Amino acid sequence: MKIVVQVRLMPTPEVVSALESTLRACNEAANWLSGEAYERGEMSRKALQGFAYRDLKDRGLAAQPALHVLRKVADAYTTLKASIRNGNLGRPGSERRRKAESKPVGFRPGAAQPYDDRCLSWQADAQTVSIWTTSGRLRGVRFACSEQSRKILAEHRKGETDLVHRDGMWFLIATCEVPEAARFEPDGFIGVDLGITNIATTSTGYRAAGRGLNRYRKRQLALRAKLQKKRTKSAKRRLKERSRREQRHVRNTNHIISKKIVTEAERTSRGIALEDLGGIRQRARLRKPQRVTFHSWAFAQLGRFLEYKARRAGVPLVYVDPAFTSQECAECHHIEKANRVDQARFVCRGCGVVAHADRNASRAIAHRGENAWTAGRESRVPAAGPPAERLSRGRPPHSQ
């Protein structure tokens, strides 16, 4: 499986100047190429390389960086077309879509630039890199990372690396090919109910309360509004310093929660069942005071973290239909809207069981996960008929 490892470069002032010039030159070339591609109506990699490769080299780019600029521009137009096709930019004729289609794709002067092994070499043990710039090859550029990240880089790094300049700091984001653990046969499933009041509630009793995170978000929102209202240089500087701080805090919280859940599943030899909440933002209808909280809910990120950590640990993970999980009784599976008394309390109108609402939902999700796994896994029962037919009747193993 592929994961990314981020390390921070520790460049000298001379190296910083060379890196800034390199990003500026690459993105200026990308903007020129994007304009040419838009005018010609040719956006494929092959077409761009046919008419622009020599021009890019004349702009001071070496062979491999020029090819990476070509691919970056082609991929940007591919992404734009996919977004338009999927309706992410609005309906045909909408202002947002018309604006996106009426001009070439643009690149910031400091936008990330991809590198391959010909342009960037790693010395993981010494924690240095050798990197191509428009000022020549720079060797012995130091980077900082954790010991775990250094080992992953040394053993599993494979593919491209992005050079990123963000908040005055320089980063390398490397792709690593990490082997997956063999997936075991689960002895039951842990259901995970995702929410805002409780970020995650499992059928084993673990509950990650969201009150602290929600209070943190409210404080950050009030502070941003206060600083934006001042409009002074110091206020703008403070806003820039605090940018992405909330995102980092939320990401760290989701990492901690997902690690606890996967560790528990691995320890008890159980799988993980998650709700498939895709499209919930478009389906939900909320009052205005609730919209900020709802749209800042990072359920998809937590789901991704659970998925890749489960794959690394060999823990089976399945997605189930989320419909009526908050109204279904985990004991008798009776579904009724009146079962959900309030946010925290569940009272079944069928069998009378009383439970915490999120805990009950997580148990219902666990039950659905077991059914999904049983329906999708390979049959262990020999099929009737000649041996040749038995091989063709087995169902493929479940995969997620």
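Throughout what follows, the structure given in this document is the object of discussion. The shown structure was predicted, so the numbers you read here are calculated from the model rather than taken from an experiment.

**So, the overall build of the protein**
Here comes step 1: On a plain count of helices and strands, the protein comes out with 13 helices and 14 strands.
Here comes step 2: Taking all 400 residues of the protein together, 39% fall into the buried category.
Here comes step 3: Restricting the contact set of the protein to residue pairs at least 6 apart, pairs at least 24 apart contribute 62%.
Here comes step 4: Total accessible area on the protein stands at roughly 23000 Å², and carbon and sulfur atoms take up 49% of it.
Here comes step 5: One finds the centroid of the 77 positive side-chain charges in the protein at a distance of 8 Å from the centroid of its 40 negative side-chain charges.

**Some remarks on the sheet that holds strand β7 (residues 169-177)**
Here comes step 1: Within the open sheet, the seven strands sit side by side as β2-β6-β7-β1-β5-β4-β3. Their pairing is antiparallel. Looking at which strands have only one partner, the edges of the open sheet turn out to be β2 (113-115) and β3 (120-123). The mean inter-strand angle of the sheet, taken between neighbouring strand axes irrespective of direction, is 35°.
Here comes step 2: Of the pairings in the sheet, the one linking β2 to strand β6 (residues 157-166) comprises three bridges and is antiparallel in character. Of the residues in β6, the one forming a bridge with Gln 113 is Leu 163.
Here comes step 3: Contacts from helix α3 (residues 63-85) reach β2, β4 (128-133) and β6, with the element oriented near 130° to β2.

**Remarks on the packing of helix α2 (residues 45-58) against α3**
Here comes step 1: Their axes nearest at 10 Å, the elements α2 and α3 cross at an angle of 140°. Compared by their axis directions, α2 and α3 come out oblique. Handedness of the crossing formed by α2 with α3: right-handed. Contacts between α2 and α3 involve Arg 45, Leu 48, Gln 49, Ala 52, Tyr 53, Leu 56 and Lys 57 from the former and Ala 63, Ala 66, Leu 67, Val 69, Leu 70, Arg 71, Val 73, Ala 74 and Asp 75 from the latter.
Here comes step 2: Classifying every residue of the contact of α2 with α3 by side-chain character gives eleven nonpolar, one polar and four charged.

**Considerations on the environment of Ser 362**
Here comes step 1: Structurally, Ser 362 is set in helix α12 (residues 357-376).
Here comes step 2: A relative accessible area of 0% places Ser 362 in the buried class.
Here comes step 3: Separated by 218 residues in the primary sequence, Ser 362 and Ala 144 have C-alpha atoms spaced 40 Å apart.
Here comes step 4: Setting aside chain neighbours within four positions, we find Ser 362 in contact with Gly 191, Asp 193, Thr 201, Thr 202 and Ser 203.
Here comes step 5: Of note is the side chain of Ser 362, whose polar atom sits 3.4 Å from the backbone oxygen of Thr 202.

**Quick word on the packing of helix α1 (residues 13-40) against α3**
Here comes step 1: Contact geometry of α1 with α3 gives a least axis separation of 9 Å together with a crossing angle of 50°. Between α1 and α3, the interaxial angle falls into the category oblique. For the crossing formed where α1 meets α3, the hand is right-handed. Between α1 and α3, the contacting residues are Cys 26, Asn 27, Ala 29, Ala 30, Leu 33, Ser 34, Ala 37 and Tyr 38 on the first element and Val 69, Leu 70, Lys 72, Val 73 and Tyr 77 on the second.

**Comments concerning the pattern of salt bridges**
Here comes step 1: As enumerated under the stated definition, the model contains 15 salt bridges in all.
Here comes step 2: One salt-bridge network, in which partners are shared between bridges, spans Asp 125, Glu 147 and Arg 150.

**Quick notes on the packing of aromatic side chains**
Here comes step 1: Taken as a whole and judged by the stated rule, the model has three aromatic pairs.
Here comes step 2: Summarising the aromatic geometry, the rings of Phe 189 and Trp 373 are spaced 6.0 Å apart at their centres and angled 55° between planes, so their arrangement reads as tilted. Taken together, the residues Phe 189 in strand β8 (residues 189-194) and Trp 373 in helix α12 connect sequence positions 184 residues apart. By the burial criterion, Phe 189 is buried, and Trp 373 matches it.
Here comes step 3: Seen in terms of ring centroids, Phe 305 and Tyr 308 are 6.3 Å apart; in terms of plane orientation they differ by 85°. Their pairing is edge-to-face. Of this pair, Phe 305 and Tyr 308 both sit in helix α11 (residues 299-313), three residues apart, which is roughly one turn of the helix.
Here comes step 4: Directly above the aromatic system of Phe 51 lies the positively charged group of Arg 40, at a separation of 4.1 Å from the ring centroid.
Here comes step 5: Over the aromatic face of Phe 171 sits the side chain of Arg 166, whose NZ or CZ is 4.6 Å from the ring centroid.

The rules behind these values
Residues numbered from 1 in each chain as written. Predicted model: local features only at pLDDT ≥ 70, side-chain atom pairs only at ≥ 80, totals over all residues. Heavy atoms only, no water. Helix = DSSP H or I, 4+ residues; strand = E, 2+ residues; numbered from the N terminus. Buried < 20%, exposed > 50% of the residue type's maximum accessible area, 1.4 Å probe, protein only. Contact = heavy atoms within 4.5 Å. Areas by Shrake-Rupley, 256 points an atom, 1.4 Å probe, with all protein chains shown as cover. Lys, Arg positive; Asp, Glu negative; His and termini not counted. Charge placed at Lys NZ, Arg CZ, Asp CG, Glu CD. Pairing = 2+ DSSP bridges. Axes fitted to C-alpha atoms, helices over the stretch in contact; angles between N-to-C directions. Parallel < 35°, antiparallel > 145°, perpendicular 65-115°, else oblique. Left-handed = near helix turned anticlockwise from the far one by under 90°. Nonpolar A, V, L, I, M, F, W, Y, C, P; charged D, E, K, R; others polar. Polar contact = N/O pair within 3.5 Å; in protein donor to acceptor, adjacent residues only side chain to side chain. Salt bridge = Lys/Arg side-chain N within 4 Å of Asp/Glu carboxyl O. Phe/Tyr/Trp six-rings, centres within 6.5 Å; stacked < 30°, edge-to-face > 60°. Lys NZ or Arg CZ within 6 Å of the ring centre and 35° of its normal.

So, to be careful, I would describe these as geometric facts and stop short of saying anything about function.
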